[in-house]
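So you can see what is in the structure, the chains are spelled out below.
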Amino acid sequence: AVLGLGYAARVGWIFQDKASSPHPDLPSFIEPSLRLLNPFDSGMREPGFVWWLWLLRQFGVSGFLGIRLVTALWFIGTAAFVFFLARRWLGEKRAWIVLGFYSFLPTQIQADGLGMRHLVESFGMAWMLWALLTAEGLSPSRRWVHAAASVALLVMVRISFLGSSALFLLYGALRRRSRALLAALAPALFLLFFHFRANERRFGDPFYTINIHSYWFANAEFIGQPGFPASFEEWQKDAHRKSLTYRQWMFDRHSPMEIVGAHLVGYYRFFWFSPEKTYFPAWFGPLRWLALGALLVGFGTAFYSAALRPVLMAMTFYAWPYAFPGHVHWAGRFFVPVSYLFLILIVAGGETLWGFIRFGVA
């Protein structure tokens, strides 16, 4: 019932917002889905979400409204996994509170109604965390299958997940004393090989889908410097103009201390800026400050609680690929795929706060 009502809330918001322009990124996924010469010929985008849009088109779903409505269905699977995660880390009663927040928080409803790939990312991340960290009843072989499938889904939707997934699998292998879990990265690498081959054939660069974004970031960071756009207006006209590869951008143009500082900026934007400015905006009123206060206490609670410490670890692993680029630009879609981890900490922190209040009154 909660999942159905949560999806209905998203449908309601989508219809209310149907006159708005689609998210600027959405056409860049739709366009390659219309002309797939082979399954990995996805232009400047990773193929996973392009495949999803191609599949929708086979069933007659091609307009922006239809894409948003059907893609929002990913919420149902994600929310189910969120409940399982929260139940493992917080207990069943508190898991219902987390599920309620995730289902009916206005900013979550709006994000899930955009029809973008972060809905698939949310599902894949929750699936992987469930398989590696909380599903104790799985046999080793079934755990491997769940881990391999979720990682392959994530990496095909956004290559950034390759690094963070490797960290999760390493942790899972150490935690469960299973070297086989490390091999769960193999299907993702196998699929990436074909994606890189398609990039090489079409663009002459196997890592084009990585470097095209590094061009965007590097051109934005070095506006006005020789070899880069002379002004913001010029950058906007050709933001993806070929400049520095990701390796050149990070290591050739930044000192080790600058790299560390850039990561810290990105982590700040993930852990605090996103929830403060985006997830709990000013129009939330008193609820905003209550949630942010509970989040701060939740960070402390998770740091000192062995049961909740995996939540902090999961956040840190997930955000790592976004931390360095985040010093130039940060988008809400970098945060939204794991917003439920913040909700788990908010519920845990709220309970701790309530305990302090009761202790003080007593």
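Preceding this paragraph is the structure being described.
What counts, and where the lines are drawn
Residues numbered from 1 in each chain as written. Predicted model: local features only at pLDDT ≥ 70, side-chain atom pairs only at ≥ 80, totals over all residues. Heavy atoms only, no water. Helix = DSSP H or I, 4+ residues; strand = E, 2+ residues; numbered from the N terminus. Rg over C-alpha atoms; globule rule 2.2 N^0.38 Å. Buried < 20%, exposed > 50% of the residue type's maximum accessible area, 1.4 Å probe, protein only. Areas by Shrake-Rupley, 256 points an atom, 1.4 Å probe, with all protein chains shown as cover. Lys, Arg positive; Asp, Glu negative; His and termini not counted. Charge placed at Lys NZ, Arg CZ, Asp CG, Glu CD. Axes fitted to C-alpha atoms, helices over the stretch in contact; angles between N-to-C directions. Parallel < 35°, antiparallel > 145°, perpendicular 65-115°, else oblique. Left-handed = near helix turned anticlockwise from the far one by under 90°. Contact = heavy atoms within 4.5 Å. Nonpolar A, V, L, I, M, F, W, Y, C, P; charged D, E, K, R; others polar. Salt bridge = Lys/Arg side-chain N within 4 Å of Asp/Glu carboxyl O. Expected span 1.5 Å × (residues − 1). Arc of directions from axis to C-beta.

### Notes on the overall build of the protein chain
And then number 1: Counting its regular elements, the protein chain contains 19 helices and zero strands.
And then number 2: Taking 362 residues into account, the globule formula puts the C-alpha radius of gyration at 21 Å, and the protein chain, at 21 Å, falls close to it.
And then number 3: With the C-alpha coordinates of the protein chain rotated into their principal frame, the extents come out at 70 × 50 × 45 Å.
And then number 4: By the burial criterion, 51% of the 362 residues in the protein chain qualify as buried.
And then number 5: Here the protein chain displays about 16,600 Å² of accessible surface, and carbon together with sulfur accounts for 67% of that area.
And then number 6: Charge centroids of the protein chain, computed over 32 positive and 19 negative side chains, lie 9 Å from each other.

### Concerning the packing of helix 8 (residues 118-134) against helix 17 (residues 309-323)
And then number 1: Where helix 8 contacts helix 17, the two axes come as close as 12 Å, and the packing angle between them is 135 degrees. Accordingly, the angle class assigned to the pair helix 8 and helix 17 is oblique. In the packing of helix 8 onto helix 17, the handedness of the crossing is right-handed. Of the residues in helix 17, those in contact with E121, M125, L129 and L133 of helix 8 are P310, M313, A314, Y318 and Y322.
And then number 2: Among the residues forming the contact of helix 8 with helix 17, the class breakdown is eight nonpolar, no polar and one charged.

### Focus on helix 2 (residues 26-33)
And then number 1: Residues of helix 2 that are buried include every one of L26, F29, I30, P32 and S33, and no others.
And then number 2: Against helix 3 (47-58) and helix 4 (64-71) lie the buried residues of helix 2.

### Description of the side chain of N211
And then number 1: With respect to the helices, strands and loops of the structure, N211 is situated in helix 12 (residues 208-221).
And then number 2: You can call N211 buried: its relative accessible area is 7%.
And then number 3: For N211, the contacting residues outside a window of four places in its chain are D205, L244, T245 and Y246.

### Comments concerning the side chain of S42
And then number 1: Tracing the backbone through its elements, the reader meets S42 in the loop between helix 2 and helix 3.
And then number 2: Here S42 is in contact with P32, L36, P47, V50 and H195, once residues within four sequence places are set aside.

### A closer look at the pattern of salt bridges
And then number 1: A complete count under the given rule lists 15 salt bridges for this structure.
And then number 2: One salt bridge connects R333 with D25, and the closest N-O pair in it is separated by 3.3 Å. Taken together, the residues R333 in helix 18 (residues 332-335) and D25 in the loop between helix 1 (2-16) and helix 2 connect sequence positions 308 residues apart.
And then number 3: A relative accessible area of 27% means that R333 is categorised as partly exposed.
And then number 4: The partner of R247 in a salt bridge is D252, with the nearest N and O atoms 3.7 Å apart.
And then number 5: A network of salt bridges, in which partner residues are shared, links R88, E136, R175 and R176.

### A few points about unusual backbone geometry
And then number 1: Positive phi outside glycine occurs at R177, with the angle close to 50 degrees.
And then number 2: Residue R177 is classed as exposed on the basis of its relative accessible area, which comes to 78%.

### Considerations on helix 6 (residues 92-104)
And then number 1: Under the 1.5 Å per step criterion, the end-to-end length of helix 6 is 18 Å for 13 residues, consistent within 8% with the ideal 18 Å.
And then number 2: Taken as a whole, helix 6 has its buried residues at A95, V98, L99, Y102 and S103. Buried residues of helix 6, seen end-on, are gathered within an arc of 130 degrees and therefore sit on one face of the element.

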